[in-house]
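Per-entry structural report
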Amino acid sequence: MNVNRTEDQGAAMIMVVAVGAVVAMLMTLLVTVSVNGTKQASTDANWNAALAAAYAGVDEYQSRLSADTSYYRYGNPASSFSSTSSVSLPPATDPNLAFGVGAGGTWATLAGSDDRAQFRYEVDNSKYPTTGRIRIRSTGKVGQATRTVVADLKQEGFIDFLYFTDYEVQDPALAGSTNANCFSDAARTRLKYAWESRPTSGCNDISFGESDETKGPVHSNDTIRACGSRFTGTVTTAKPTTPFYRNVNASNVACGAAVFTLSGYPAFSGGVIGMPATNAQLKKETRTDLPIEVPRPGCLYTGPTQFEFFDNGTVNIKSPFTKSTRIGNAAATAGSTPPECGIISQLQSPAGATIPVIDNNVLYVQNVPAVSGDVNHWPAATNPAGFTCVSSGDSGKRGWSLGTGGSRSGYPADVRISAMTTHTEVAPSSTTYGCRAGDVFVKGRFNGAVTLAAENFVFVVGDLTYVDNQDDILGLIGNNAVWVWNPRRSNGDNILPDDRTIEAAILSVAHTFQVQNYDKGGRQGTLTVKGAIAQKYRGPVGTGNSAGIVTGYAKNYVYDTRFKLQAPPKFLSPVTTTYGVTSWIESAAVWNPDGSAR
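The sections below set out a description of the structure shown in this document. These numbers were taken from a predicted model, which means no experiment stands behind them.

A short note on the overall build of the protein chain
Each helix and strand in the protein chain was counted, giving four helices and 35 strands. Within the protein chain, buried positions represent 51% of all 598 residues. Across the protein chain, every contact between residues at least 6 apart in sequence was considered, and the portion connecting residues at least 24 apart equals 67%. Accessible area for the protein chain stands at about 25,500 Å²; split by element, carbon and sulfur atoms hold 55% of it.

Take a look at the structure:
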């Protein structure tokens, strides 16, 4: 019995050991599968996150283009992707870690990723001069995963059009009271578009006339009126139903058909293109406390300010109220006076400051601040030395001046016609030349790349042309109207000679582009604009009849085709970015996690 019990015990032991081994194997397998599953899940997460990081790289590059439209010039020439491009590394004062290439090369860190997600990108700008398109290859890295996307970018904005208008009516602020039925609200804050049942009369509609020819793309959010006009580019409207334009004049009387030379136009655009409420965001470009958003601040000027540009790339600036040309915070309680924006004592003098045109940046002119803590504040009863202003009395004589005698400048202006003859301008209205308004007065031969913006009006007081129409690029942005200065004497005669030329991208954010005294003084030749015009409301430049122009100017508007490719620095657009992605594609990853090429 004892022998048999011992044999049974041995068999049982064998079974226990065998079962234990099987269980141990199963547990090992389970742990192995579990661990491998965890690793796989982690790898999958990194794989997906690497693609998101690559896309984030493209977004970050777009933001740099938005801040500096010339940023396409930068890249790493050591990259094979940029081998046919003309790129260089950005200045040492403004480095970009995303331009790293090769093993050990730098990566930029995706904000908010706790350093887990990084990206680097390469730039191909070889097609930029001819197509305006920039190709970027962006690689994202998370853990040991890298993925690459290639995207094409193209500029978008108001300057896609030679002529952009929100409403085909005169500016209500200039045309006086308007029929309440023209508006969609009792407070008269929003006009109706014509295709929203705006009355056909009583709303100051403007029509393109027989002498008008637009040589470039045209867009209106409203319903265009045209009589015998000629459109040689695309014409689009937000009017959703046919007919896409009205063959009537400003008085709603039927007239000769317009000519649209391109087949398929006018056409529906797909909807309203919204305008920004103000140009105030451009003032931010003069702040020094935003090194990421504003790595290269522009210049800030205060009160009525004159700019005269010269062939040699310099500009003379007279700005008597300016104390600080950059501000250090949103409240402007701190400021600075960098020499590149002009020496303050010179800016305030009748001779002005003559400086090199600041490159690829914004010059912003603000109203004199009423807040005492602002670094550019002036008490209400205090004016700069040599500055005088008439703000009441005879409306035709209201305006400001700086200096005396032969050094005097200001508006209404004394315009010297000959050595013996000087004419004094009669101001068009009592509100034309404000004593403390942020008005820009500009003329000359422009050499550089700048956007010039005003919190109030922009007055183009003479011809304003490029020295090199391939390299120079100018933006003019008035928060309110952009005026073609057109002075006249008290007897109604014009002071300036006929014909005017402006080369620029022009935008009136809240009002209009218009000629002063357009309805006085007889025919004045042709107003030539080479560039782009965008405005809230249509502005007249002349009057006419079936025989042609009676007063003011005939239009010669020609699109600057470079605006399909590039924009003046930080020029406003319907959306915050001036470059949009036209295509995406994922390619094989080009970099290993250690930065070496695959």
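Regarding the state of the cysteines
A full pass over the atoms with the stated rule returns four disulfides. In this model C182 forms its disulfide with C203; the gap between the sulfur atoms is 1.9 Å. On the sign convention where negative is left-handed, the bridge of C182 and C203, at about -90° about the S-S bond, is left-handed. With a gap of 21 residues between them, C182 in the loop between α3 (172-175) and β6 (213-215) and C203 in the loop between α3 and β6 connect regions that are remote in the sequence. Each member of the pair, C182 as well as C203, is classed as buried. If you count the bonded cysteines of the protein chain from the N-terminus, they pair up as 1-2, 3-4, 5-6, 7-8.

Remarks on the pattern of salt bridges
One pass over the full model with this rule turns up 21 salt bridges. The residue R500 makes a salt bridge to D463 at a minimum N-O spacing of 4.0 Å. Here D463 lies in strand β28 (residues 458-466) and R500 lies in strand β31 (residues 500-515), a separation of 37 residues in the sequence. Using a relative accessible area of 5% as the deciding quantity, one classes R500 as buried.

A look at the side chain of N517
Within the secondary structure layout, N517 lies in the loop between β31 and β32 (523-538). Engagement of the side chain of N517 in a polar contact is seen with the backbone oxygen of N486, the distance being 2.7 Å.

A look at the environment of D171
Its place among the elements puts D171 in the loop between β5 (163-170) and α3. Note on D171: relative accessible area 3%, which makes it buried. Distance from D171 to H511, taken between C-alpha atoms, is 6.1 Å for residues 340 residues apart in sequence. The contact partners of D171, leaving out residues within four places of it in the chain, are H511, T512, Y537 and R538. At 2.5 Å, the side chain of D171 and the side chain of H511 are in polar contact.

Observations concerning the environment of A145
Within the secondary structure, A145 sits in strand β4 (residues 145-155). Residue classification places A145 among the buried residues on the basis of a relative accessible area of 8%. Spatially, the C-alpha atom of A145 lies 9.1 Å from that of L51, the residues being 94 residues apart in sequence. In this view, A145 contacts N46, W47, A50, G140 and P593; residues no more than four positions away in its chain are not counted.

Regarding unusual backbone geometry
That bond from T242 to P243 is cis: its omega, -10°, falls within 30 degrees of zero. Position of P243 among the secondary structure elements: in the loop between β10 (235-237) and β11 (245-246). Across the junction of Y411 and P412, the peptide omega takes the value 5°, indicating a cis bond. Even without being glycine, N204 reaches a positive phi, approximately 65°. Structurally, the position occupied by N204 is in the loop between α3 and β6.

What to know about the pairing of strand β20 (residues 361-366)
The buried fraction of β20 amounts to six of the six residues, a majority that puts the element mostly inside the structure. Strand direction decides the pairing type here: strand β14 (residues 299-302) and β20, joined by four bridges, are parallel. Pairing of C299 across the sheet is with L363, part of β20. Here five bridges tie β20 to strand β27 (residues 449-454), and the two strands are oriented parallel to one another. Residue N361 lies in a different strand from β27, and its bridge partner there is V450.

Some details on the sheet that holds strand β22 (residues 399-402)
Spatial strand order, β21-β22-β23: three strands in an open sheet with antiparallel pairing. Edge positions in the sheet fall to β21 (387-390) and β23 (409-411), since each has one partner strand and no second. Taking each pair of neighbouring strands and ignoring which way they run, the sheet shows an average axis angle of 10°. Two strands pair when backbone bridges link them, and β21 and β22 are joined in this way by four bridges, in the antiparallel orientation. Looking at the pairing, V390 lines up with G399 of β22.

Structural notes on the side chain of K141
By the secondary structure assignment, K141 is in strand β3 (residues 134-142). In this structure, K141 is buried with no salt-bridge partner, the nearest side chain bearing the opposite charge being D594 at 8.1 Å. Within the structure, the side chain of K141 is placed 3.2 Å from the backbone oxygen of P593, a separation counted as a polar contact. The contact partners of K141, leaving out residues within four places of it in the chain, are A53, W107, R116, A117, Q118, T146 and P593.

Digging into the packing of aromatic side chains
As enumerated under the stated definition, the model contains 34 aromatic pairs in all. Judged by centre distance (5.7 Å) and plane angle (65°), the rings of W400 and F441 are edge-to-face. Here W400 is found in strand β22, whereas its partner F441 is found in strand β26 (residues 440-446), with 41 residues between them in sequence. A relative accessible area of 2% means that W400 is categorised as buried. Joined through ring pairs, the aromatic side chains of F321, W378, F387, W400, Y411, Y433, F441, F457, F459, W483 and W485 make up one cluster. The ring centre of W107 lies 4.2 Å from the NZ or CZ of R120, which sits over that ring.

Cut-offs used in this document
Residues numbered from 1 in each chain as written. Predicted model: local features only at pLDDT ≥ 70, side-chain atom pairs only at ≥ 80, totals over all residues. Heavy atoms only, no water. Helix = DSSP H or I, 4+ residues; strand = E, 2+ residues; numbered from the N terminus. Buried < 20%, exposed > 50% of the residue type's maximum accessible area, 1.4 Å probe, protein only. Contact = heavy atoms within 4.5 Å. Areas by Shrake-Rupley, 256 points an atom, 1.4 Å probe, with all protein chains shown as cover. Disulfide = S-S within 2.5 Å. Salt bridge = Lys/Arg side-chain N within 4 Å of Asp/Glu carboxyl O. Polar contact = N/O pair within 3.5 Å; in protein donor to acceptor, adjacent residues only side chain to side chain. Pairing = 2+ DSSP bridges. Axes fitted to C-alpha atoms, helices over the stretch in contact; angles between N-to-C directions. Lys, Arg positive; Asp, Glu negative; His and termini not counted. Phe/Tyr/Trp six-rings, centres within 6.5 Å; stacked < 30°, edge-to-face > 60°. Lys NZ or Arg CZ within 6 Å of the ring centre and 35° of its normal.

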